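Overview (structure and organization)
One-letter residues, chain by chain:
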Number of protein chains: 2
Amino acid sequence: MLKSSASPAEPKGKRPPVLVDGVTLNGPTLDIREAESFLRDAMPIIMEEAVRKATDVKEKVCEWRSPEQLKEVLDLELRDGGEANPKILQRCRDAIRYSVKTGHPRFFNQLYAGLDPYSLVGRFITEALNPSLYTYEVAPVFILTEEAVLKKMIEIIGWTEGGDGLFSPGGSVSNMYAVNVARYQRCPNVKELGLSAMPRLVMFTSEECHYSVAKAAAFLGIGTKNVYGALPFMVNATAGTTILGAFDPLEEIADICERHSLWMHVDACWGGAALMSNQHRHLLKGIHRADSVAWNPHKMLLAGLQCCAFMVRGQTDILQRCHSANASYLFQQDKFYDISYDTGDKSIQCSRKPDAFKFWLMWKALGTKGLEERVDRALAMARYLAEEIKKREGFRLVMEPEYANVCFWYIPPSLRSTPEGPEFWKRVHAVAPVVKERMMKKGSMLVGYQPHGDKVNFFRQIIISPQVSREDMDFLLDEINTLGKDL
Amino acid sequence: MLKSSASPAEPKGKRPPVLVDGVTLNGPTLDIREAESFLRDAMPIIMEEAVRKATDVKEKVCEWRSPEQLKEVLDLELRDGGEANPKILQRCRDAIRYSVKTGHPRFFNQLYAGLDPYSLVGRFITEALNPSLYTYEVAPVFILTEEAVLKKMIEIIGWTEGGDGLFSPGGSVSNMYAVNVARYQRCPNVKELGLSAMPRLVMFTSEECHYSVAKAAAFLGIGTKNVYGALPFMVNATAGTTILGAFDPLEEIADICERHSLWMHVDACWGGAALMSNQHRHLLKGIHRADSVAWNPHKMLLAGLQCCAFMVRGQTDILQRCHSANASYLFQQDKFYDISYDTGDKSIQCSRKPDAFKFWLMWKALGTKGLEERVDRALAMARYLAEEIKKREGFRLVMEPEYANVCFWYIPPSLRSTPEGPEFWKRVHAVAPVVKERMMKKGSMLVGYQPHGDKVNFFRQIIISPQVSREDMDFLLDEINTLGKDL
């Protein structure tokens with residue numbers, strides 16, 4: 001197959017190409033100057049469309065198209081031939097144009113929002129460098145920044161005895177780690193022998209917990225119906241529930257877990273940010289007694305998706321023992337440096353993104369104080385909105401907010417004199433979906449709604465971003481009224 | 001807590017601030033113009049240091065520092081106070097400087113390498129827009145581009161009956177999906193009742209498979225010792241093993257799976273790229289008979305970490321049935337658009353990064369033909385290197401390469417006349433770690449090594465990037481000889 005070969009003595013750059021398997025081999029086939037020139041053309045588009053306009057309160061949050069319409073606009077099909085750079089740049093513009101602007105001051109739809117410039121620069125750096133966190137040798141800076149961030153988070157949790165941890169691709173995966181570590185602690189044989197050799201294991205959680213607990217029970221072979229019964233091995237406590245922003249009583253749960261030797265996991269993915277605030281950290285009182293904690297800085301702390309820490313308490317090698325597979329091609333034991341920095345085998349992943357770095361850079365820029373101020377401001381804004389809701393006709397709080405979730409119904413004028421029977425609530429239930437449809441088609445804001453337990457559809461307003469102003473809170477209520485007053 | 005409030009009728013911008021819980025609320029506290037100015041200062045640093053220099057063959061691949069030294073240089077501690085922008089920009093420079101340049105033409109250490117400008121622009125766009133893929137309403141463009149990419153990948157696999165899929169955070173997680181879907185197919189009750197109510201399930205794989213299969217067996221409660229025995233439910237076939245680049249015989253495995261009704265999963269994370277090549281796709285002959293496939297475009301196709309598809313064959317809703325938790329706050333049934341585009345409940349994650357978009361954009365730019373050329377060139381380069389190794393004294397192939405993994409020993413002059421007994425191999429075993437240490441400290445290149453089965457430490461050269469030139473192959477052999485000839 002090899003047709004010819006150059007002499008190794010020949011001077012560089014003057015060597016004839018070789019033909020191998022029909023491919024002519026010589027210099028590189030990707031010209032980095034051309035690549036740079038494309039990047040230079042693309043960056044102003046990204047800065048203008050995906051940063052400046054995407055965070056401008058005067059622009060739309062979204063430019064709604066139905067799936068069918070958007071498919072036509074985007075011409076998604078992948079073909080044999082490539083396209084020239086101007087065409088690709090237009091595709092970039094289109095992709096940004098029809099995307100939802102999650103950094104917009106009026107994006108309230110999820111448990112994340114806003115855009116932090118330091119985190120974004122951190123993300124651009126890691127995307128350009130494209131590292132993977134398995135070993136120190138290929139990701140030294142990112143292994144150490146992850147360690148530094150985890151150390152500080154563990155200190156803030158209050159684990160004076162220390163701890164261990166890693167960043168995972170999402171709070172759901174962090175909660176899965178918790179289930180796995182907890183059952184391993186209870187039955188170390190489970191790693192080798194599996195659940196079929198174990199007693200029936202069950203776990204406890206509240207009805208209000210995130211759905212990832214059910215997903216974890218299914219995925220890890222526990223079974224969703226064993227989330228309560230036979231041999232209990234863990235309790236999942238939630239600090240900041242997804243819909244209501246409620247906090248489980250951690251001290252009481254810790255007492256029970258200690259009494260019965262149950263692994264106590266705190267899903268603080270959403271509520272963990274309150275730990276940064278001296279004023280609000282009481283919401284998580286007792287978290288230092290947890291065996292493990294999941295905490296997502298990509299939510300209220302604005303580190304950008306994904307940034308999710310899973311941490312276990314104390315001087316422990318349980319992450320390593322529970323998850324290791326000892327791959328010889330990565331985790332060689334005859335390396336010349338301290339291989340305790342090869343943290344990859346603690347993870348269930350192989351390649352892993354350096355999600356801590358952007359958070360570290362932002363933290364460096366803002367300081368702990370700056371992060372605390374953001375949390376305090378978001379919670380003050382939520383309090384402000386709740387008080388405004390109480391004052392306004394046609395708005396009703398579902399409950400006093402404990403955190404940054406403000407849950408409320410909008411009652412259109414036509415319903416305000418209807419008695420509060422089943423018919424009233426049935427009609428209120430139909431209000432939020434229509435208001436949501438109208439706001440999306442208008443692109444004026446995005447706020448979530450859902451039914452919950454015995455409560456009909458209500459709006460759930462989430463407040464996070466430092467770009468949100470008080471006027472945006474007033475606008476929210478005005479706009480819902482504008483969109484829904486005819487219903 | 002609420003101290004005062006503005007009248008809603010007051011003109012915008014003229015309203016007095018309100019004090020809530022000690023926080024003064026009024027306009028935004030993050031000035032996007034300042035943020036933009038910081039981004040504008042940071043971008044030239046990223047372009048020069050993390051793109052241009054990081055891919056320049058004349059620069060170092062890495063600037064080695066031990067963990068202890070690097071900690072001192074980086075000043076990692078997170079403090080109460082923030083730092084000014086010039087200091088943060090210096091931190092960006094330092095982080096890049098001491099990072100390994102995985103896009104460098106002489107980074108051969110992992111199953112990914114190189115830098116594609118289109119993919120990088122795609123990544124910058126998604127990092128700036130910060131979307132999460134659960135529902136169409138918050139990620140319309142990224143839901144549709146994922147669908148378009150999966151459709152094309154499924155077509156390339158050869159599933160004429162169609163298929164379903166999603167992108168996951170890594171091949172390890174894709175393989176976990178396969179285990180979960182396979183056992184669910186065999187025992188649908190497992191989702192609710194767990195493994196303790198099932199017969200003992202076992203799975204088959206080869207010794208050469210990726211370690212993520214063992215991790216999956218442990219994490220999902222199967223148990224690592226049940227990876228072969230009682231009630232078999234799946235076979236994991238590997239298309240492109242991690243160390244040797246070997247391919248399991250898919251047709252034969254498919255025959256056995258059909259005969260015994262076993263779920264056939266193909267871990268094509270690494271080898272899937274060969275499907276893009278008419279010349280090389282025979283390596284995966286029979287893959288169209290697989291029930292599920294894991295394929296990582298972030299490896300040989302240069303889509304950038306992470307970009308990992310998991311796909312199941314046929315018109316099936318098994319991903320939904322197997323993984324759904326039906327969270328009411330995301331997957332409302334009373335939406336105004338076609339909710340089949342709300343794909344999030346197929347995933348074990350909640351938040352999920354839009355990893356398909358960058359691949360889609362790159363594919364648009366290069367076309368299928370352009371991707372095929374890259375694969376053909378990488379494999380031709382591997383063939384060239386293998387032939388060079390055969391010609392050179394002191395180099396010996398471990399096996400003829402099937403794919404882009406070229407595995408070889410370097411025998412220093414002092415050993416070349418030693419008889420090939422245990423003493424010879426013991427000394428050869430010690431060569432690679434020392435050569436690796438020296439190349440890292442010099443920063444001239446990065447190439448992996450490992451022992452494997454009964455074979456002592458050998459180098460594993462991986463060829464991917466279109467920026468690699470033929471001279472880099474010659475350099476690799478020259479450099480190993482330079483670094484190791486005194487051993």
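A quick note: this is a predicted structure, and the numbers were derived from the prediction, not measured.

Criteria and cut-off values
Residues numbered from 1 in each chain as written. Chains lettered and ligands numbered in written order. Predicted model: local features only at pLDDT ≥ 70, side-chain atom pairs only at ≥ 80, totals over all residues. Heavy atoms only, no water. Helix = DSSP H or I, 4+ residues; strand = E, 2+ residues; numbered from the N terminus. Buried < 20%, exposed > 50% of the residue type's maximum accessible area, 1.4 Å probe, protein only. Areas by Shrake-Rupley, 256 points an atom, 1.4 Å probe, with all protein chains shown as cover. Lys, Arg positive; Asp, Glu negative; His and termini not counted. Charge placed at Lys NZ, Arg CZ, Asp CG, Glu CD. Least-squares fit on C-alpha atoms with pLDDT ≥ 70 in both. Contact = heavy atoms within 4.5 Å. Pairing = 2+ DSSP bridges. Axes fitted to C-alpha atoms, helices over the stretch in contact; angles between N-to-C directions. UniProt positions renumbered as here; feature names shortened; annotations may be inferred. 1 Å grid on protein atoms, 1.4 Å probe; cavity = no way out; pocket = protein on both sides within 12 Å on 5 of 7 lines; lining within 4 Å. Points joined across faces, edges and corners; volume = space filled by probe spheres on them. Parallel < 35°, antiparallel > 145°, perpendicular 65-115°, else oblique. Phe/Tyr/Trp six-rings, centres within 6.5 Å; stacked < 30°, edge-to-face > 60°. Lys NZ or Arg CZ within 6 Å of the ring centre and 35° of its normal. Buried area = accessible area lost by both parts, 1.4 Å probe. Salt bridge = Lys/Arg side-chain N within 4 Å of Asp/Glu carboxyl O. Expected span 1.5 Å × (residues − 1).

**Thoughts on the overall build of chain A**
Helix and strand content of chain A: 14 helices and 13 strands. Projected onto its principal axes, the C-alpha positions of chain A cover 95 × 60 × 45 Å. When each of the 487 residues of chain A is scored for burial, the buried share is 68%. For chain A, the computed accessible surface area is about 16,000 Å², with 50% contributed by carbon and sulfur atoms. Charge-centre separation for chain A: the mean point of 60 positive side chains lies 2 Å from the mean point of 60 negative side chains.

**Points about the relation of the copies chain A and chain B**
After a rotation of 180° and a shift along the axis of 0.0 Å, chain A superposes on chain B with an RMSD of 0.0 Å. Seen this way, the second copy is the image of the first under a two-fold rotation axis. When C-alpha positions in chain A are compared against the rotation axis, the closest is assigned to L220 of chain A, at 2.0 Å. A high fraction, 99%, of the interface residues of chain A reappear at the interface in chain B, so the copies pair face to face through one surface.

**Some thoughts on the sheet that holds strand β6 (residues 231-238) of chain A**
All names here are of chain A. Judged by pairing direction, the sheet is mixed, and its six strands sit side by side in the order β4-β9-β8-β7-β6-β5 without closing on themselves. Every other strand in the sheet has two partners, leaving β4 (163-168) and β5 (201-205) as the edge strands with one partner each. Geometrically, the sheet is characterised by an average inter-axis angle of 20° between neighbouring strands, direction not taken into account. Across five bridges, β5 lies against β6 in parallel orientation. Residue pairing for β6: V202 is matched across the bridge by P232. Packing against the sheet, helix α5 (residues 140-157) makes contact with β4, β8 (292-295) and β9 (308-313), and its axis sits at approximately 120° to β4.

**Thoughts on the UniProt feature "modified residue: N6-(pyridoxal phosphate)lysine" (unreviewed entry) in chain A**
Residue and element names in this part refer to chain A. On the UniProt side, "modified residue: N6-(pyridoxal phosphate)lysine" (unreviewed entry) is annotated at positions that read K299 here. Note on placement: K299 falls in the loop between β8 and β9. Look at K299 and you get buried, because its relative accessible area is 12%. Excluding residues within four positions of it along the chain, K299 makes contact with L111, Y112, C269, W270 and I464.

**Regarding the layout of surface pockets**
Residue and element names in this part refer to chain A. The calculated volume of the largest pocket comes to roughly 690 Å³. Lining the largest pocket are 29 residues, with E147, D164, S340, T343 and K346 sitting closest to its centre. Among the secondary structure elements, those contributing two or more residues to the lining of the largest pocket are α5, β4 and α10 (318-323). Counting residues per element, the lining of the largest pocket draws most heavily on α5, which supplies seven residues.

**Concerning the packing of helix α2 (residues 67-74) of chain A against helix α5 (residues 140-157) of chain B**
Close contact between α2 of chain A and α5 of chain B brings their axes to 10 Å; oriented N to C, the two are set at 70°. Taken together, the axis directions place α2 of chain A and α5 of chain B in an arrangement best described as roughly perpendicular. Residue-level contacts link P67, L70, K71 and L74 of chain A of α2 of chain A to P140, V141, L144 and E147 of chain B of α5 of chain B.

**Some details on the packing of aromatic side chains**
All told, the structure shown has 43 aromatic pairs over all chains when counted by the stated rule. Here F247 of chain B and Y403 of chain B contribute two aromatic rings whose centre-to-centre distance is 5.1 Å and whose plane-to-plane angle is 85°, an arrangement assigned as edge-to-face. In this pair, F247 of chain B sits in the loop between β6 (231-238) and α9 (250-260) while Y403 of chain B sits in the loop between β10 (395-397) and β11 (405-410), placing the two residues 156 residues apart along the sequence. Judged by its relative accessible area of 12%, F247 of chain B falls in the buried class. Its relative accessible area of 2% is what places Y403 of chain B among the buried residues. Feature note: the residues W64 of chain A together with Y136, F336, Y337 and Y341 of chain B constitute an aromatic cluster, connected by ring pairs. The ring of F475 of chain A is capped by R106 of chain A, whose NZ or CZ atom sits 3.6 Å from the centre of that ring.

**A look at the sheet that holds strand β4 (residues 163-168) of chain B**
Residues and elements named next belong to chain B. The strand order across the open sheet built from six strands is β4-β9-β8-β7-β6-β5, with neighbouring strands paired in mixed fashion. Where the open sheet ends on each side, the last strands, each with one partner, are β4 and β5 (201-205). On average, each strand axis in the sheet is inclined to that of its neighbour by 20°, with strand direction left out of account. Bridging between strand β8 (residues 292-295) and strand β9 (residues 308-313) involves four bridges; their strand directions are antiparallel. From the neighbouring strand, A294 faces β9, where its bridge partner is F310. Against the sheet, α5 makes contact with β4, β8 and β9, and its axis sits at roughly 120° relative to β4, the strand it touches most.

**Here we look at the interface of chain A and chain B**
Taken together, the contact pairs 190 residues of chain A with 190 residues of chain B. Between chain A and chain B, the buried area comes to about 16,900 Å², and carbon and sulfur atoms account for 63% of it. Inspection of the chain A/chain B interface yields 12 salt bridges. A salt bridge links E127 of chain B to R123 of chain A; its shortest N-O distance comes to 2.2 Å.

**Here we look at the pattern of salt bridges**
Throughout the structure, instances matching the rule amount to 91 salt bridges over all chains. As a salt-bridge pair, D31 of chain B and R33 of chain B come within 3.6 Å of each other at their nearest N and O atoms. By relative accessible area, which is 29% here, D31 of chain B ends up partly exposed. Salt bridges sharing common partners tie together D75, R79, E83 and R91 of chain A together with K364 of chain B.

**Thoughts on the pairing of strand β12 (residues 446-452) of chain B**
All names here are of chain B. Most of β12 is tucked away, with six of its seven residues classed as buried. Bridge count between strand β3 (residues 107-108) and β12: two bridges; the pairing is parallel. Among the inter-strand pairings, F107 is bridged to a residue of β12, identified as L446. Inspection of the sheet shows β12 paired to strand β13 (residues 455-462) by four bridges, in the antiparallel sense. By the bridge assignment for β13, H452 is matched with K455. Counting the residues in the hairpin turn of β12 and β13 gives two residues, including G453, whose phi is positive at 55°.

**Here we look at the pairing of β11 of chain B**
Residues and elements named next belong to chain B. Among the six residues that make up β11, six are buried, leaving the element largely enclosed by the rest of the structure. In the sheet, β10 pairs with β11 via three bridges, with the strands oriented antiparallel. Bridging from a neighbouring strand, F395 pairs with Y410 of β11. Here β11 runs beside β13; their pairing, made up of four bridges, is antiparallel. Bridged to V406 within β13 is Q461.

**Some points on helix α13 (residues 431-442) of chain B**
Residues and elements named next belong to chain B. Its 12 residues place the ends of α13 17 Å apart at the C-alpha level, agreeing with the 16 Å of an ideal helix rising 1.5 Å per residue. Every buried residue belonging to α13 is among V431, A432, P433, V435, K436, M439 and M440, and all of these are buried. Immediately downstream of α13, the backbone of G443 shows phi near 75°, a positive value.

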